[in-house]
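# Geometric and topological summary
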Number of protein chains: 2
Amino acid sequence: MPYDPSAFPPFAVTVDLVVLTVRRHALCALAVRRGEPPFQGRWALPGGFVRADEDLSQAAARELAEETGLRAHDPSVPVQDNGAHLEQLATYGDPKRDPRMRVVSVAHLALAPDLPAPRAGGDASNARWAPVEELLEQGGYGRDGEPVAPLAFDHAQVLADGVERARSKIEYSSLATAFCPPEFTVGELRRVYEAVWGVALDPRNFHRKVTGTPGFLVPTGGTTTRQGGRPAQLFRAGGATLLNPPMLRPEV
Amino acid sequence: MPYDPSAFPPFAVTVDLVVLTVRRHALCALAVRRGEPPFQGRWALPGGFVRADEDLSQAAARELAEETGLRAHDPSVPVQDNGAHLEQLATYGDPKRDPRMRVVSVAHLALAPDLPAPRAGGDASNARWAPVEELLEQGGYGRDGEPVAPLAFDHAQVLADGVERARSKIEYSSLATAFCPPEFTVGELRRVYEAVWGVALDPRNFHRKVTGTPGFLVPTGGTTTRQGGRPAQLFRAGGATLLNPPMLRPEV
DNA sequence: GATCATAGTCGTCTGCCTGACGATAAACAC
DNA sequence: GTGTTTATCGTCAGGCAGACGACTATGATC
């Protein structure tokens, strides 16, 4: 069968971003308020159309920079600077997921340290960090008592998939350091695990585990007392990306 | 900014399939010979355009059925019948990956028991099961001495990603049973692991591990001697999908 | 300054799991 | 019967994780 452009239907292709961070001991995601129909006024994940000459990862990195100012990080390089970790998550293409037209969305997952404040085109009221449980619960009420509408499109599913990916990936990789500033303490790393998994971990066993895993953490020599209590050693992420044996997520 | 159809470039969206099986102690993938340019005559992964009213998973299931006759399996249901396991793998959208036009391909991974023979539109010479190393090696020679050209498009990368997904996923899930017929022995399951991982496993420790993991295997009561030697107990896949603790892949 | 609260770090002990490997069992080929 | 093949059970030592005690070093409070 010869090449026939009419043989396939045209699609719009977008990238959507699940940007996760840990703020105040809670796993939070970046949400933007939609300024136009459909779902006008509702919260959604940031995203946008892929341009004609762009790769998917380029489009995701561009959107991430536009929304947060973060530079994307090459996934093959260990997390060391302030660049965020960025990886492809999954692709969503239900014919009815966008009422306007046939849109296939390639969702990406970004992990970032706690950031000052989000910006969506400079308008702070249209972007926020929200705890993922708040974004995922249907018809609940937010921290300010305002009723929470479900996320636009299928973004609740996308967010849930991204959160699950992050939860499982910090088990067997050093990705949890992507949530930390360039230098961090064992306690700060432990609080990342606790926030992402939603569990409490034994500080002594956690300390033994992470400091005993070769290549996970590299001491920088400095100490800090910013958490109160005894000063803690500062570390940065080591070269290891895969943890073997993995961190163990406690049973439910 | 209002809705403007001219604001986004049109894409073609396809699904490509990495169909894996275990034949003669080797991990094999389904390859089809391209009958038209580009890459005419070269081997490629099966796939095709997503139709206008189709979900991505529907399109993948349709292509799988067209190429192999396999029914796709709902991923939320444990593998029990002859349906293949089918899951989304990743999406590839380099602007230059198809010289004709802008194509975004949503690759899917299918795992199937050993099948009689592939069929590609009824023409057997245009479809085959090939060991994945043979398909991935560049410029080598196949089993029949015929020189092997690299796979078309970026399909070598897609195949490599699919193989890596399968290799890691049988560690912590019961997916290896998707390579087995409905009833199988512990030895057959072990040979699946050995073929996918490319290692030799201790039969005694493997037997202890898989029979000791709750929900992994359910004895059917029957026995078989089709492998020679002492008759082996027959099992089918249990309800468990996640293995905890996981199977451990031996070090390199 | 003594005391307390907080957080970090080092050890110990016990149980479980794994890898290595010996031994036995049940079929088939000759 | 003997040998071969595969299946299955057992044993043992080492490693790792969970539970938890003990000590250290800071800031806060009295």
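Structure's up top.
Keep in mind that this is a model prediction, so the values were computed, not measured.

Thresholds applied
- Residues numbered from 1 in each chain as written.
- Chains lettered and ligands numbered in written order.
- Predicted model: local features only at pLDDT ≥ 70, side-chain atom pairs only at ≥ 80, totals over all residues.
- Heavy atoms only, no water.
- Near = heavy atom within 4 Å.
- Polar contact = N/O pair within 3.5 Å; in protein donor to acceptor, adjacent residues only side chain to side chain.
- Helix = DSSP H or I, 4+ residues; strand = E, 2+ residues; numbered from the N terminus.
- Nonpolar A, V, L, I, M, F, W, Y, C, P; charged D, E, K, R; others polar.
- Contact = heavy atoms within 4.5 Å.
- Buried area = accessible area lost by both parts, 1.4 Å probe.
- Salt bridge = Lys/Arg side-chain N within 4 Å of Asp/Glu carboxyl O.

## Describing the protein's contact with DNA strand C
Near DNA strand C, the surroundings consist of 22 residues, among which A:Arg204, A:Arg230, B:Arg204, B:Arg208 and B:Lys209 are the closest. Counting only atoms of DNA strand C within 4 Å of the protein, the sugar-phosphate share comes to 51%. One of the side-chain nitrogen or oxygen atoms of A:Arg190 is found 3.2 Å away from a phosphate oxygen of DNA strand C. In this structure, B:Arg208 approaches DNA strand C through a side-chain N or O atom, which is 2.8 Å from a base nitrogen. Of all elements in the fold, only helix H4 (186-197), helix H5 (203-212) and strand E10 (232-237) of chain A together with helix H5 (203-212) of chain B reach the threshold of two or more residues within the surface near DNA strand C. In terms of residues, the surface near DNA strand C owes the most to one element, H5(B), which gives four residues. Class assignment for the residues of the surface near DNA strand C results in four nonpolar, eight polar and 10 charged.

## Some thoughts on the protein's contact with DNA strand D
Near DNA strand D, the surroundings consist of 23 residues, among which A:Arg204, A:Arg208, A:Lys209, B:Arg204 and B:Gln233 are the closest. Near-protein atoms of DNA strand D (within 4 Å) split between backbone and bases, with sugar and phosphate holding 53%. One of the backbone N or O atoms of B:Gln233 is found 2.9 Å from a phosphate oxygen in DNA strand D. Every element with two or more residues in the surface near DNA strand D is listed here: H5 of chain A together with helix H4 (186-197), H5 and strand E10 (232-237) of chain B. In terms of residue count, the dominant contributor to the surface near DNA strand D is H5(A) (four residues).

## Re the interface of chain B and chain A
Across the contact, 30 residues belong to chain B and 30 residues belong to chain A. When chain B packs against chain A, close to 2,400 Å² is buried across both sides, 60% of that on carbon and sulfur atoms. There are zero salt bridges connecting chain B and chain A. With four residues, the top contributor of residues to the side of chain B that touches chain A is strand E6 (residues 84-92) of chain B.

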